[in-house]
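Okay, here's what each chain looks like letter by letter:
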Amino acid sequence: MSCIAPNRLKRLDLRCVCLLALWVPLAQAYGLITRIAEIRELLPAEAEMALPVLIRGVVTTRDGVDLTVQDETAGIWVAVNTARNRQLLNDSLANLDEVREGVELEIIGITGRGDFAPILLPSSVRVLGLKAFPPARQMVASRFLSGAEDSQRIEVRGVVQRVSRQADYCELFIDAVPGRLTVEIASSLVPDSESLIDAEVRVCGVVGSYFNIRGGFISPRLISRVAGDLVIEKPAPSLVDVPLVSLDRLFAFRPEPLGSHRKRVTGTVTFALPGKLFFLQEGNNAVRVASQTAVSLQAGDRVEALGFLDGTGVNGGMTEATVWKTGSAAVPAAVLKDPEEVMRIYENDIYVREESRGDDFDGRLIRFRALLLRVRGSPDRNADWRQVTLEQGRLILGAILHTGDAKALDRLLPGSEVDVTGILKLDFSQAVTGLDPQRRVNLEVTLRKAGDVTVVRAPSWW
């Protein structure tokens, strides 16, 4: 900022206070920015020039001492703390620590570059009184997910998948179709967390952004602090009304979609990582289920699970599941199948996949022979995690043991021929070259215990 800007602002302060009746003409006469949308349109280098600003707007949220303020054109981040640290802000006209949402302010200040979007650095703030919030715009996914709605008051609709209570606020995880978003909402607005799960809600709030050290956008969040911002439009269905769907039909074609609400599945557990996930299998179909349930699961448990469909992986899965045991059964036998052969099937049979249609391997137990290349532990010496690197044919793959007796794998010698049993996990990435889709398959094996890797032939002493 140039050394001229603060003196100029002091002169403008006096003129604006004395001639409030001529607020807009005066601002324009002295080259002031009077619309928040104009600040948002500035390039970083322009915002950094400390251009003079005089705006009126409603406080839409506050984060510590900082605020977001919105006029009829847009909203912006008001960096109160930064202005105080730079000794720009005169607090004599308003006690900003007492200002809350719904208060209209008159702010004189300068533009700032900001860490992500342009910001407003106040030098003088005057409270004008209470004023209604500007109408919240409906969420446009392309704008919300790109960071373009930073500091704007918007409205989203969706199904609540999870509620996480923090010290002084709650996090709502909402499937807003087409994406899952996080709402940071005042705890006082969420008296009963359980009643929100699977309910259809409407939420208004101000968009905040996560960004990297380069100022690049990472992800958005919605901040809601105002009574009435959360509305339950349709209560959650009762558990008995949650539809039962077979594993082979979770992501199959339907003329009408299943929708965003929870689904019920049944099957036999083949592996469980407590408090995180488990694999469920029924016949030749398997699914990965993310769950924070406290129920202790082990291979062979028959269970019912209620959860939300997660289509982020190509083969799909379930998330935020509630689970309970219904009995026990034999663990499905491991399929004798070389990972290299599985890779060939999934990479080559793109359209018809006749060879694999009746025998899907993702999420299932497989067994194969391989050459052990190395065993690598976690950087945290107290963690049990181990990764075994294997060579199978022309394929190099990893087999991971997350917990349990993982340290027993340290005894394995590189060069050993081993027999491996584990849960197959497939990920896909797809690029389009011309009209021909090119599919790349990433393959990994989840080990259930150290005994899933047994030595068939020790390495030669040579």
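Residues numbered from 1 in each chain as written. Predicted model: local features only at pLDDT ≥ 70, side-chain atom pairs only at ≥ 80, totals over all residues. Heavy atoms only, no water.

### Quick look at the overall build of the protein
No. 1: A tally of helices and strands in the protein yields nine helices and 24 strands.
No. 2: Here the analysis covers contacts within the protein between residues at least 6 apart in sequence; of these, 60% occur between residues at least 24 apart.
No. 3: Split by element, the accessible area of the protein, about 23,300 Å² in all, is 51% carbon and sulfur. (Helix = DSSP H or I, 4+ residues; strand = E, 2+ residues; numbered from the N terminus. Contact = heavy atoms within 4.5 Å. Areas by Shrake-Rupley, 256 points an atom, 1.4 Å probe, with all protein chains shown as cover.)

### Quick word on the pattern of salt bridges
No. 1: Going through the model one piece at a time under the given rule, you end up with 29 salt bridges.
No. 2: Residues R162 and E320 are paired through a salt bridge, measuring 2.8 Å at the closest nitrogen-oxygen approach. With R162 in strand β7 (residues 153–165) and E320 in strand β17 (residues 317–328), the pair connects residues that are 158 residues apart, well separated along the chain.
No. 3: Judged by relative accessible area, E320 falls into the buried class, the value being 15%.
No. 4: Ionic pairing is found between D452 and K449, a salt bridge with its closest N-O pair at 3.2 Å.
No. 5: Here D452 falls in the buried class, since its relative accessible area comes to 3%.
No. 6: What you see here is one network of salt bridges that share partners, running through R367, R369, E417, D419 and R457. (Salt bridge = Lys/Arg side-chain N within 4 Å of Asp/Glu carboxyl O. Buried < 20%, exposed > 50% of the residue type's maximum accessible area, 1.4 Å probe, protein only.)

### What to know about the pairing of strand β5 (residues 119–130)
Within a regular beta strand, the side chains point alternately toward one face of the sheet and then the other, so they alternate between its two faces.
No. 1: As defined by bridge partners, strand β4 (residues 103–112) adjoins β5 across ten bridges and the pair is classed as antiparallel. Residue pairing across strands places I110 opposite L121, the latter belonging to β5. (Pairing = 2+ DSSP bridges.)

### Quick word on the nonpolar core
No. 1: One finds I55, L67, V69, V78, L105, I107 and L120 to be the most contacted residues of the largest nonpolar core, which totals 30 residues.
No. 2: Only α3 (36–40), β1 (52–63), β2 (66–70), β3 (75–78), α5 (80–85), β4 and β5 provide two or more residues apiece to this core.
No. 3: Excluding residues within four positions of it along the chain, L120 makes contact with V53, I55, I76, W77, V78, A79, I107, G109 and I110.
No. 4: With 28 residues, the next largest nonpolar core counts A370, L412, V418 and V453 among its residues. (Core = buried A, V, L, I, M, F, W, Y, C linked by side-chain atoms within 4.5 Å.)

### A word on the pairing of β3
No. 1: The sheet contact formed by β2 and β3 spans four bridges and is antiparallel. Each residue of the ladder has a partner; that of Q70, found in β3, is G75.
No. 2: Hairpin connection of β2 to β3: four residues between the antiparallel strands.

### Observations regarding the packing of aromatic side chains
When we look at a pair of aromatic rings, we describe it by the centre distance and by the angle of the planes.
No. 1: Throughout the structure, instances matching the rule amount to two aromatic pairs.
No. 2: Ring centres of F116 and F211 lie 5.7 Å apart, and the angle between their planes is 10°; this geometry places the pair in the stacked category. One end of the pair, F116, is in the loop between β4 and β5; the other, F211, is in strand β10 (residues 200–211), with 95 residues separating them in the sequence.
No. 3: The rings of F116, F211 and F217 are connected pair by pair, giving a single aromatic cluster.
No. 4: Over the face of the ring belonging to F133 we find R153, whose NZ or CZ atom lies 4.5 Å from the ring centre. (Phe/Tyr/Trp six-rings, centres within 6.5 Å; stacked < 30°, edge-to-face > 60°. Lys NZ or Arg CZ within 6 Å of the ring centre and 35° of its normal.)

### Brief notes about the side chain of E320
No. 1: Here R180 takes part through its side chain, which lies 2.6 Å from a polar atom of the side chain of E320.
No. 2: Sequence-distant contacts of E320, that is, excluding residues within four places in its chain, are made with Q161, R162, R180, A290, L306, G307 and F308. (Polar contact = N/O pair within 3.5 Å; in protein donor to acceptor, adjacent residues only side chain to side chain.)

### Let's talk about a nonpolar patch on the surface
No. 1: On the surface, a cluster of nonpolar side chains totalling about 220 Å² of accessible area is made up of L371, L373 and I396.
No. 2: Its location among the elements puts L373 in strand β19 (residues 365–377). (Patch = residues over 30% accessible without salt bridge, like charges linked within 9 Å, V, L, I, M, F, W, Y side chains within 5 Å.)

### Let's talk about unusual backbone geometry
No. 1: The phi dihedral of D198 is positive, around 75°, even though this residue is not glycine.
No. 2: Inspection of the secondary structure assignment puts D198 in the loop between α7 (193–196) and β10.
No. 3: If you check the backbone angles, E320 has positive phi at about 50° while not being a glycine.

### Regarding the confidence of the model for the protein
No. 1: Summarising the model, the protein shows a mean pLDDT of 85, and 85% of its residues fall at 70 or more.
No. 2: The low-confidence segment residues 431–438 (pLDDT under 50) makes nine contacts with residues lying over four places distant or belonging to another chain. (pLDDT = per-residue confidence, 0-100.)

### Considering the environment of E391
No. 1: Within the secondary structure, E391 sits in strand β20 (residues 386–392).
No. 2: In the structure, E391 is positioned 18 residues away from L373 in sequence and 6.8 Å away in space, judged by C-alpha atoms.

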